[in-house]
Amino acid sequence: MSVPPSDDALISSAADDEAPILDAIHKWLERDVRHRVLELEHGDVYPTAMIEQMKAFGLFGATIAPAYGGLGLSASTYARIVSLISEVWIALPGAFNTHLIMAATVERFGTAAQKRQFLPRFATGELRGGLALTEPDGGTDLQAIRTRAVRAGDHYVINGAKTWITNAIEGSCFALLVKTDAQAEPRHRGMSLFLAEKGPGFRVGRKLEKLGYHGSDTAELFFEEYRVPTDRLIGGEEGHGFAQAMAGLELGRINVAARSVGLANAALKDSVRYAQTRRTFGKPIGEHQAIQLKLAEMATRCEAARLLTESAAVAYDRGERCDMETGMAKYFASEAALANAEEALRIHGAAGYSKDLPIERYYRDAPLLCIGEGTNEIQRIIIAKQLLARNPV
Ligand SMILES: Cc1cc2nc3c(=O)[nH]c(=O)nc-3n(C[C@H](O)[C@H](O)[C@H](O)COP(=O)(O)OP(=O)(O)OC[C@H]3O[C@@H](n4cnc5c(N)ncnc54)[C@H](O)[C@@H]3O)c2cc1C
């Protein structure tokens, strides 16, 4: 039976420069995290101590260039780290995913002053936050957002509302997508991205109660006559916000794909172990062919999801446009995570339904991976559009 490599094998086969950080994170997960997840997750408690530890590892600067104080990791190494942590709890890499998308948009599109001013503070995690795109009337159809920024001298005045924003409560700075020209055609030409720090006129709304992904804070944000200096417009020129946000989501999709690989692996590993110890009709359930078929499918999904994620990360590291590759990885890996979570639940029988084991958590957490960073319906549309565009007749 093909089982994905153990964490130890993964660490020893890692490139020389990434092995020490993978090893340190692995030890931390086993020493300080794994035994605490059940309690924190069931209570929907923000894991403050773990966030601080991830800050100390430099993970809030994982993909930020060393020139700005980050670790400058490749997307490939980043994805391995995210998968490793996600085998234990997907909420943890969720906290730095959206933060690093914000950082990536500044690093790629920001002015020299914005890079100097923000990236070092993002890298240490001193200034943390995320991406504020979604609104009550605009999720998939982001060009329908209503939040407006109107220029008033050396400031813009922003009014509007965002919802489903990760890190909204604990974070303090957000890449905020707004309309600077509501009449522009096509609509995306009237959209801009600002670095918005909490202050007067920037209010956090209610914390949203969720099926899973507990421990990650998700809330509404409100902007009421919120004034932001003009030098916080990413890149310094109006009309590029939509393209900047979409480019940032390529890294976000690698994170979601890698988190999905971690969750799919965790469901498989727990199931292999259970299939060897739980006995029915005089033998371990792993000796029943019906269970073997499930394990084989789960292992194959894990391997395929991992390879797609690695290949998307390699494309990202080459600096190519990779919305098709990251879309494929995110789509396939998240569906693999969802399918593996369900199969793990079936293999565990009533034990899988119990709150004493993590299986029911996998089952509640996995659907988010199919929704976040663009739903899987939209991923398939992106893949198909790129396929057609890259293969003209
Ligand atoms: C836990 C959590 C955390 C989140 N964190 C953030 C965050 O930090 N920042 C942020 O900006 N957003 C965040 N989101 C929002 C998330 O990005 C959106 O939920 C997602 O993009 C989908 O938007 P929607 O929920 O409005 O669904 P809708 O856009 O209303 O879609 C509803 C359904 O219609 C389908 N659909 C829509 N348009 C099409 C189409 N053209 N073709 C085919 N099918 C279509 C969708 O796939 C979906 O199945 C978060 C969401 C969750 C659940």
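Remember, it's a predicted structure, so these values are computed and weren't measured experimentally. (Residues numbered from 1 in each chain as written. Predicted model: local features only at pLDDT ≥ 70, side-chain atom pairs only at ≥ 80, totals over all residues.)

Draft legend 1. The overall build of the protein, seen in detail. Counting secondary structure elements, the protein contains twelve helices and nine strands. For 393 residues, the compact-globule estimate of 2.2 N^0.38 gives 21 Å, and the protein sits close to it at 21 Å. The principal-axis extent of the C-alpha atoms belonging to the protein is close to 80 × 55 × 40 Å. Evaluated residue by residue, the protein yields a buried proportion of 50% over its 393 residues. (Helix = DSSP H or I, 4+ residues; strand = E, 2+ residues; numbered from the N terminus. Rg over C-alpha atoms; globule rule 2.2 N^0.38 Å. Buried ≥ 20, exposed ≤ 12 C-beta atoms within 10 Å, placed from the backbone.)

Draft legend 2. Layout of the environment of glutamate 373. Structurally, glutamate 373 is set in the loop between α11 (359–371) and α12 (376–390). Take glutamate 373: there are 25 C-beta atoms within 10 Å of it, and that puts it in the buried class. Each C-alpha atom, one on glutamate 373 and one on methionine 102, is 13 Å from the other, the two residues being 271 residues apart in sequence. Residues contacting glutamate 373, with those up to four places away along its chain left out, are Leu249, Gly252, Arg253, Val256 and Lys330. (Contact = placed C-beta atoms within 7 Å.)

Draft legend 3. Focus on the site of the ligand. In the vicinity of the ligand, 23 residues are found, and the nearest of them are Leu133, Gly139, Thr140, Thr375 and Glu377. Elements with a minimum of two residues in the shell around the ligand: β1 (129–132), β3 (155–166), α11 and α12. (Near = placed C-beta within 6 Å.)

Draft legend 4. Local environment of the domain arrangement of the protein. On domain assignment, one finds that the protein holds domain 1 (7–124), domain 2 (129–239) and domain 3 (243–390). Its C-alpha centre places domain 1 at a distance of 24 Å from the equivalent point of domain 2. With 21 residues of domain 1 in contact, the opposing surface of domain 2 contributes 19 residues. Mapped onto the side of domain 1 that touches domain 2, the elements with two or more residues apiece are α2 (19–42), α5 (91–109) and α6 (112–124). The leading source of residues in the side of domain 1 that touches domain 2 is α5, at ten residues. Here the side of domain 1 that touches domain 2 is composed, by residue class, of twelve nonpolar, seven polar and two charged. (Domains from an automatic or database assignment. Nonpolar A, V, L, I, M, F, W, Y, C, P; charged D, E, K, R; others polar.)

Draft legend 5. Representation of the environment of glutamate 225 within the structure. By the secondary structure assignment, glutamate 225 is in strand β7 (residues 218–229). The spacing of glutamate 225 and alanine 75 is 150 residues in sequence and 38 Å in space, taken between C-alpha atoms. Contacts of glutamate 225, omitting those with residues within four sequence positions, involve Val157, Asn159 and Gly201.

Draft legend 6. Spotlight on the packing of α5 against α6. Where α5 contacts α6, the axes come no closer than 10 Å and their chain directions differ by 155 degrees. It follows that α5 is roughly antiparallel to α6 by the angle criterion. As α5 runs across α6, the sense of the crossing is left-handed. Two secondary-structure elements touch here, α5 through His99, Ala103, Val106 and Glu107 and α6 through Gln114, Lys115, Phe118, Leu119 and Phe122. (Axes fitted to C-alpha atoms, helices over the stretch in contact; angles between N-to-C directions. Parallel < 35°, antiparallel > 145°, perpendicular 65-115°, else oblique. Left-handed = near helix turned anticlockwise from the far one by under 90°.)

Draft legend 7. Region of interest: the pairing of strand β5 (residues 191–197). In terms of burial, β5 is largely enclosed, as six of its seven residues are buried. Pairing of strand β4 (residues 173–179) with β5 involves seven bridges; the strand directions are antiparallel. Its bridge partner being in β5, leucine 176 is matched across the sheet by phenylalanine 194. (Pairing = 2+ DSSP bridges.)

Draft legend 8. Focus on the pairing of β3. Alignment of strand β2 (residues 148–152) against β3, held across five bridges, turns out to be antiparallel. Across the sheet, the residue bridging to arginine 148 is asparagine 159, located in β3. Between β2 and β3, which pair antiparallel in sequence order, lie two residues; one of them, glycine 153, sits at a positive phi of approximately 70 degrees.

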